[in-house]
Amino acid sequence: MISAPTPPAEGDQIDTTDLPAHVAIIMDGNGRWAKARGLPREVGHERGVEALRKTVRAAQDLGLSHLTVFSFSTENWRRPVKEVNALFGLLRLYVKQDLKRLISEGVRIRVLGTRVGLPTDILALVEEAEVKTAANDTFNLCIAFNYGGREEIVRAAQTIAADVAAGKLEAGAISEDCFSTYLDTGNLPDPDLLIRTSGELRLSNFLIWQAAYAELVFQDVLWPDFGAKHLREAVAQFQNRERRFGGLATGVA
Ligand code: IPE
Ligand code: IPE
Ligand code: MG
């Protein structure tokens, strides 16, 4: 007897001609991952970097063009110094270990967030990563580090005010499109798909302007366990959503 074929898992039903232009991820759950194993939180963050490597690879393999990851928020300064230092150390390590490969793969790196408060060696590394990859366009990786959506908007407003005061910009010319160009994301497409791991159901100040119409996907997996399968599942969910942007559903007259 011939049995019916098993239907493909949701993550395998991806239409590669209709991928989200920009995927953003709140990489959450490193601490809980470590706690569940009786390990220090820092080990969870280390494993989180491994998951980031896998995810960038998976995004490239899937044919995505823009990936933004939330790696350290302006609010994460509230954590113990030891943990903040560990998170800074991991950014150092990631750039030092992966930059050469990312350059050779045509990855363009941008770091979103305020530079205020960052140690000088981190500033130098960030600068190096951005400058050395500036001409790349195969894949865009944005790392939101020392990033907060409200801080970004206020900083953009300050620059706009200074440009108006200097006569470089007319107040009446400040449109949504114009305002967007002053954000750290500049001319990047808005994220269409925003994923948060670890089961938390909030944005935590991530891309609050840019994600106005993003499709939100919350997954129960803790970030260190995230991989290609979860990314594909999220993209498949995205492709099953009907995006209306305030209009009417297709077929509704
Ligand atoms: C995400 O994991 C990494 C950062 C926020 C820097 P967490 O450290 O927030 O892990 P949980 O949420 O405590 O499990
Ligand atoms: C958001 O996660 C920040 C990052 C993933 C870098 P948090 O763990 O800091 O968010 P809250 O505190 O649970 O809202
Ligand atoms: Mg968290």
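Everything below is about the structure shown above.
Remember, predicted model here, so these are calculated numbers, not experimental data.

Here is what the cut-offs are and how they apply
Residues numbered from 1 in each chain as written. Chains lettered and ligands numbered in written order. Predicted model: local features only at pLDDT ≥ 70, side-chain atom pairs only at ≥ 80, totals over all residues. Heavy atoms only, no water. Helix = DSSP H or I, 4+ residues; strand = E, 2+ residues; numbered from the N terminus. Expected span 1.5 Å × (residues − 1). Buried < 20%, exposed > 50% of the residue type's maximum accessible area, 1.4 Å probe, protein only. Arc of directions from axis to C-beta. Contact = heavy atoms within 4.5 Å.

Brief notes about the environment of Pro 40
- In this fold, Pro 40 is placed in the loop between helix 1 (30-36) and helix 2 (41-62).
- Taking the C-alpha atoms as reference, Pro 40 lies 9.8 Å from Glu 83; in sequence the two are 43 residues apart.

Section: helix 5 (residues 149-165)
- Look at helix 5: 24 Å from first C-alpha to last across 17 residues, which is about the 24 Å you get at 1.5 Å a residue.
- For helix 5, the set of buried residues is Gly 149, Glu 152, Ala 156, Ile 160 and Asp 163. Buried residues of helix 5, viewed axially, fall in a sector of 70°; they line one side. Turned more than 90 degrees away from the buried face of helix 5 sit Arg 150, Gln 158 and Ala 165, all of them exposed.
- Here the buried face of helix 5 lies against strand 4 (139-147) and helix 6 (176-181).
- Gly 167 sits one or two positions beyond helix 5 and adopts a positive phi of about 80°.

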